Amino acid sequence: MSITPESVEQLLNSEDFGDRLRGVNQLRQLEPAIAYKLIQSAIGDKNVRVRYAAVSQMSTLGTENLSNALEVLIHSLNNDPEPDVQAAAADALGALKLTDALADLQQVYNNTSEWLVQLSIVAALGEMGDPKAFPMLENALTSDNELIQTIAISALGELGDKRALPLLLPYAGNVDWQIRYRVAQALRRLGGAEAEAALEILTKDEVEQVAVEAKGA
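The following refers to the structure shown. Just so you know, these numbers come straight off a predicted model, no measurement behind them. (Residues numbered from 1 in each chain as written. Predicted model: local features only at pLDDT ≥ 70, side-chain atom pairs only at ≥ 80, totals over all residues. Heavy atoms only, no water.)

**A word on the packing of aromatic side chains**
Counted only if it meets this: Here the aromatic set is Phe, Tyr and Trp, taking the six-membered ring for Trp, and pairing holds for ring centres within 6.5 Å; pairs whose planes are under 30 degrees apart are stacked, those over 60 apart are edge-to-face, and all others are tilted. The way it works is that DSSP assigns letters per residue, a run of H or I at least four long becomes a helix, a run of E at least two long becomes a strand, and they are numbered from the N terminus. Relative accessibility under 20% of the residue-type maximum defines a buried residue, over 50% an exposed one, and the middle range a partly exposed one, all with a 1.4 Å probe and only protein chains included. A ring is scored as having a charge over it whenever the NZ atom of a lysine or the CZ atom of an arginine sits within 6 Å of its centre and within 35 degrees of its normal.
Across all of its chains, the model carries 1 aromatic pair by this definition. Ring geometry for tryptophan 177 versus tyrosine 181: centroids 6.5 Å apart, planes at 70°, classification edge-to-face. With tryptophan 177 and tyrosine 181 both in helix H12 (residues 177-190) and 4 residues apart, the pair spans about one turn of that helix. Looking at tryptophan 177, the relative accessible area reads 33%, which means it is partly exposed. A relative accessible area of 24% places tyrosine 181 in the partly exposed class. A cation over an aromatic ring shows up here: arginine 163 above the ring of phenylalanine 134, its NZ or CZ 4.1 Å from the ring centre.

**Some details on helix H1 (residues 5-12)**
Selection criterion: This arc corresponds to the set of directions leading from the helix axis out to the C-beta atoms. Any two residues having at least one pair of non-hydrogen atoms within 4.5 Å are treated as being in contact.
Looking only at H1, the buried set comprises Ser7, Val8, Leu11 and Leu12. For H1, the angular spread of the buried residues around the axis is 140°, confining them to a single face. What points out from H1, more than 90 degrees from its buried face, is the exposed set Glu6 and Gln10. Where H1 is buried, its residues contact helix H2 (17-26) and helix H3 (32-43).

**Side note on the nonpolar core**
Rules: Among buried residues, those of type Ala, Val, Leu, Ile, Met, Phe, Trp, Tyr and Cys that are joined through side-chain atoms within 4.5 Å constitute a nonpolar core.
Grouped together as the largest cluster of nonpolar side chains are 74 residues, with contacts concentrated most on Met58, Leu73, Leu93, Leu105 and Val122. When sequence neighbours within four positions are dropped, the list of residues in contact with leucine 73 reads Val55, Met58, Ala89, Ala92, Leu93, Leu96 and Leu98.

**Here we look at the side chain of glutamine 118**
Position of glutamine 118 among the secondary structure elements: in helix H8 (residues 115-128). For glutamine 118, the contacting residues outside a window of four places in its chain are Tyr109, Thr112 and Ile148.

**Quick look at the environment of serine 14**
Short version of the rule: For the purposes of these results, a polar contact is taken to be a pair of N or O atoms within 3.5 Å, where, inside protein, one atom must be able to donate a hydrogen and its partner to accept one; residues adjacent in sequence count only when each atom of the pair is a side-chain atom.
One can find serine 14 in the loop between H1 and H2. Considered as a pair, serine 14 and glutamate 146 are 132 residues apart in the sequence and their alpha carbons are 42 Å apart. Look past the residues within four positions of serine 14 in its chain and what remains in contact with it is Asp19 and Arg20. Within the local environment of serine 14, its side chain forms a polar contact with the backbone nitrogen of aspartate 16, the two atoms lying 3.0 Å apart.

**What about the pattern of salt bridges?**
To be explicit about the condition: We define a salt bridge as a side-chain nitrogen of Lys or Arg found within 4 Å of a carboxyl oxygen belonging to Asp or Glu.
Overall, the coordinates contain 8 salt bridges when judged by the stated rule. Where arginine 163 meets aspartate 161, a salt bridge forms, and the shortest distance between an N and an O atom there is 2.7 Å. The partner of aspartate 205 in a salt bridge is arginine 180, with the nearest N and O atoms 2.7 Å apart. Highlighted residues: aspartate 205 in the loop between helix H13 (193-202) and helix H14 (208-215) and arginine 180 in helix H12, separated in sequence by 25 residues. A single burial state applies to aspartate 205 and to arginine 180, both of which are buried.

See the structure below:
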């Protein structure tokens with residue numbers, strides 16, 4: 001049976017959440033412009049799995065209408081009761097580089113107790129590459145959650161702001177090799193004499209992955 005806009009719309013309107021979930025997945029086989037229109041109902045679906053799948057797809061479909069995507073994703077970020085969906089909204093905002101969402105991302109980061117949502121927000125800030133995100137990432141670097149801290153290191157590297165160097169250099173000697181690895185990646189992106197000096201030390205790291213990453217500079 002061929003997949004058509006009509007068949008997918010029928011699935012999306014089904015009472016069975018499994019059908020609706022299948023409909024969201026089949027949107028990938030339709031023209032993006034058509035899929036974008038159809039996915040809107042799924043973003044507000046009563047089932048969390050359907051909403052999560054729909055919001056996740058916005059990271060690619062959102063390019064069809066960026067202004068509307070911004071509005072839709074900010075609504076999910078602020079109002080969806082499920083952290084997984086909020087995190088997916090943050091991921092999509094980052095993938096689409098919708099920097100107009102920075103204020104909302106900061107507000108949610110500061111107000112949520114969900115580490116997964118905070119993690120996705122930090123990663124999104126790095127993807128966006130907007131210097132205005134620097135204070136937010138500086139704050140994330142002090143998080144008690146090591147995963148958030150690790151992603152903040154990567155995000156600061158992606159941001160490419162030289163102000164990150166004095167923040168990142170102390171982590172080059174961290175006991176956690178995964179943090180040292182992320183620091184090496186970030187320093188490679190940032191460049192400069194201080195970064196090169198730290199990378200030279202990391203080329204002799206006892207963990208091969210860290211040494212190889214540092215040598216790549």
